[in-house]
Amino acid sequence: MDISLNSIEWIHLLLKTYIYDVYLRKKIIYMKLQIEQEENIRYHCDTWEKIASAFYYTKDNQKSYSLVYPSTNMIHSHVFFSSNKPPQYIVVPDYIKDFYNITNISYQTRELLHDLIKNNAIYGIHDVKDDDFLYSKLSHKINLTMKIQQS
């Protein structure tokens, strides 16, 4: 019969061969878990700060970005709608690539996702399905453009 031990039990078993005091073994394991938790929190906070600051810096300083609009006088990427043709996608890559270099995702894609979530909350899922289809195609084209430009 095989018995599997979790990591705490395994460490406790290893410490048992060297340290005979139960209280001391438990204290060592508790301190180890506490240090790991603090390191994990610090790592995730630092990573979040790095990614979020790159995103908002790019968003605030980018001159043009992709969105879906029914007009042609925009200086940024968009979907051009016509009554007799399918939508045309005009894509402008990110000029500031800080966020893309960290995540391999254009900040425009994240903005499109935020817009979809906001519209879903306001209008409901049934009214957002068309936008979802258009945004996903535009997002795909933006990411292809960014990958081509990166290489």
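Quick caveat, the model's predicted, so the values are computed rather than measured.

For the pair helix 4 (residues 107–123) and helix 5 (residues 125–150), the least separation of the axes is 10 Å and the interaxial angle reads 180 degrees. Our classification of the angle between helix 4 and helix 5 gives roughly antiparallel. Seen from helix 4, the contacting residues are Q108, T109, L112, D115, L116, N119, N120 and Y123; seen from helix 5, they are I125, D127, V128, D131, D132, Y135, L138, S139, I142 and N143.

Here the focus is the pattern of salt bridges. One side chain can pair with another of opposite charge once the charged atoms of both are near each other. Inspection of the entire model under this criterion finds 2 salt bridges. In this structure, E36 engages K32 in a salt bridge whose closest nitrogen and oxygen atoms are separated by 2.7 Å. Residue E36 and its partner K32 are both found in helix 2 (residues 22–61); the two are separated by 4 residues, about one turn of the helix. Using a relative accessible area of 36% as the deciding quantity, one classes E36 as partly exposed. Judged by relative accessible area, K32 falls into the partly exposed class, the value being 28%. With its nearest N and O atoms 3.7 Å apart, the salt bridge here joins K118 to D115. With a gap of 3 residues between them, K118 and D115 both fall in helix 4, about one helical turn apart.

Turning to the confidence of the model for the chain, a few remarks are in order. Summing up the model confidence of the chain, the mean pLDDT is 81 and the portion of residues at 70 or higher is 83%. Mean pLDDT values over the elements of the chain span from 54, in strand 1 (residues 78–80), up to 93, in helix 2. Note on residues 70–76: pLDDT is under 50 here. Beyond four places in sequence and across chains, it has 15 contacts.

This brings us to the packing of helix 1 (residues 7–16) against helix 2. Between helix 1 and helix 2, whose axes approach to 10 Å, the crossing angle comes to 135 degrees. Overall, the two elements helix 1 and helix 2 adopt an arrangement that is oblique. Regarding helix 1 and helix 2, the two cross each other, and that crossing is right-handed. Two secondary-structure elements touch here, helix 1 through I8, I11, H12, L15 and K16 and helix 2 through R25, I28, I29, K32 and L33. Within the contact of helix 1 with helix 2, the residues separate by chemical class into 6 nonpolar, 1 polar and 3 charged.

Our focus in this paragraph is the nonpolar core. Within the largest apolar cluster, 10 residues are counted, these being Y89, Y100, L112, L116, V128, L134, Y135, L138, I142 and M146. Secondary structure elements with two or more residues in this core: helix 4 and helix 5. The dominant element in this core, judged by the number of residues it contributes, is helix 5, at 6 residues.

A separate point is helix 4. In this model, helix 4 (17 residues) spans 24 Å end to end at C-alpha, consistent with the 24 Å of a helix rising 1.5 Å per residue. Among the residues of helix 4, those classed as buried are Y107, Q108, T109, R110, E111, L112, D115, L116 and N119. Lining the buried residues of helix 4 we find helix 2, helix 3 (98–103) and helix 5. Once helix 4 ends, the next one or two residues include G124, with phi positive near 95 degrees.

Criteria and thresholds
Residues numbered from 1 in each chain as written. Predicted model: local features only at pLDDT ≥ 70, side-chain atom pairs only at ≥ 80, totals over all residues. Heavy atoms only, no water. Axes fitted to C-alpha atoms, helices over the stretch in contact; angles between N-to-C directions. Helix = DSSP H or I, 4+ residues; strand = E, 2+ residues; numbered from the N terminus. Parallel < 35°, antiparallel > 145°, perpendicular 65-115°, else oblique. Contact = heavy atoms within 4.5 Å. Salt bridge = Lys/Arg side-chain N within 4 Å of Asp/Glu carboxyl O. Buried < 20%, exposed > 50% of the residue type's maximum accessible area, 1.4 Å probe, protein only. pLDDT = per-residue confidence, 0-100. Left-handed = near helix turned anticlockwise from the far one by under 90°. Nonpolar A, V, L, I, M, F, W, Y, C, P; charged D, E, K, R; others polar. Core = buried A, V, L, I, M, F, W, Y, C linked by side-chain atoms within 4.5 Å. Expected span 1.5 Å × (residues − 1).

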